Amino acid sequence: SMHKLNIDTEEFKVNPQYRLQFEEAQGCYVLLFPEGLIRLSDSAAAILEGCQEGTTFEILVQDLNKAFPGVDGLEDDVRAFLEDALQQDWIQPVRN
């Protein structure tokens, strides 16, 4: 990934080249980008939904814990997903 990001301390958001949208025909969320689209799981969509505006890991996890109470290991899952999303260039740092 071109972006260096410390997920624990820095603000990040969805890369503006990618657009999150619900695809009626497929009954799932997809991430649209110039070359195509990626089908997302519900949890991936929920995480990226929380990153539409700049956010932090702490805020994102708090919001997801409210939305999905009692999910074991949620924080670790979110971190793993964000690390992957960063590699894929789906998210990027918010630079002031």
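Look up: the structure comes first, before these words.
Residues numbered from 1 in each chain as written. Predicted model: local features only at pLDDT ≥ 70, side-chain atom pairs only at ≥ 80, totals over all residues. Heavy atoms only, no water.

Time to look at helix H2 (residues 57-67). The set of residues buried in H2 consists of Phe57, Leu60, Val61 and Leu64. Looking down the long axis of H2, one finds its buried residues gathered within 95° of arc, a one-sided arrangement. Along H2, the residues that are exposed and aim more than 90 degrees away from the buried face are Glu58 and Lys66. Contacts from the buried residues of H2 go to strand E1 (12-14), helix H1 (42-49) and helix H3 (74-87). (Buried < 20%, exposed > 50% of the residue type's maximum accessible area, 1.4 Å probe, protein only. Helix = DSSP H or I, 4+ residues; strand = E, 2+ residues; numbered from the N terminus. Arc of directions from axis to C-beta. Contact = heavy atoms within 4.5 Å.)

Let's shift gears to the layout of surface pockets. Estimates place the volume of the largest pocket at around 150 Å³. Around the largest pocket, the lining residues are Asp42, Ser43, Ala46, Ile47, Leu64, Phe68, Val71, Leu74, Asp77 and Val78. Here the residues of the lining of the largest pocket are counted per class, giving seven nonpolar, one polar and two charged. (1 Å grid on protein atoms, 1.4 Å probe; cavity = no way out; pocket = protein on both sides within 12 Å on 5 of 7 lines; lining within 4 Å. Points joined across faces, edges and corners; volume = space filled by probe spheres on them. Nonpolar A, V, L, I, M, F, W, Y, C, P; charged D, E, K, R; others polar.)

With antiparallel pairing, three strands are arranged side by side in an open sheet as E2-E3-E4. Sheet topology places strand E2 (19-23) and strand E4 (36-39) at the edges, where each strand pairs with a single neighbour. Sheet twist, expressed as the mean angle between neighbouring strand axes with direction ignored, is 35°. Where E2 lies against strand E3 (residues 28-33), five bridges are found, and the strand directions are antiparallel. Paired with Glu23 across the two strands is Cys28, which belongs to E3. (Pairing = 2+ DSSP bridges. Axes fitted to C-alpha atoms, helices over the stretch in contact; angles between N-to-C directions.)

Under the definition given, this model contains three aromatic pairs. On the basis of an interplanar angle of 70° and a centroid distance of 5.1 Å, the ring pair of Phe22 and Tyr29 is categorised as edge-to-face. Residue classification places Tyr29 among the partly exposed positions, given a relative accessible area of 27%. (Phe/Tyr/Trp six-rings, centres within 6.5 Å; stacked < 30°, edge-to-face > 60°.)

Now for the side chain of Glu23. Here Glu23 lies in strand E2. Comment: no salt bridge for buried Glu23; closest opposite-charge side chain is Arg19, at 7.6 Å. Residues within four places of Glu23 in sequence aside, it is in contact with Cys28 and Val30. (Lys, Arg positive; Asp, Glu negative; His and termini not counted. Salt bridge = Lys/Arg side-chain N within 4 Å of Asp/Glu carboxyl O.)

Once that is clear, we can look at the environment of Leu32. With respect to the helices, strands and loops of the structure, Leu32 is situated in strand E3. Its relative accessible area of 18% is what places Leu32 among the buried residues. A C-alpha to C-alpha distance of 5.4 Å links Leu32 and Tyr18, two positions 14 residues apart in sequence. Those residues in contact with Leu32 that lie beyond four places of it in its chain are Gln17, Tyr18, Arg19, Gln21 and Leu37.

One non-glycine residue, Asp89, lies in the positive phi region at around 75°. Relative to the elements of secondary structure, Asp89 occurs in the loop between H3 and strand E5 (91-93).

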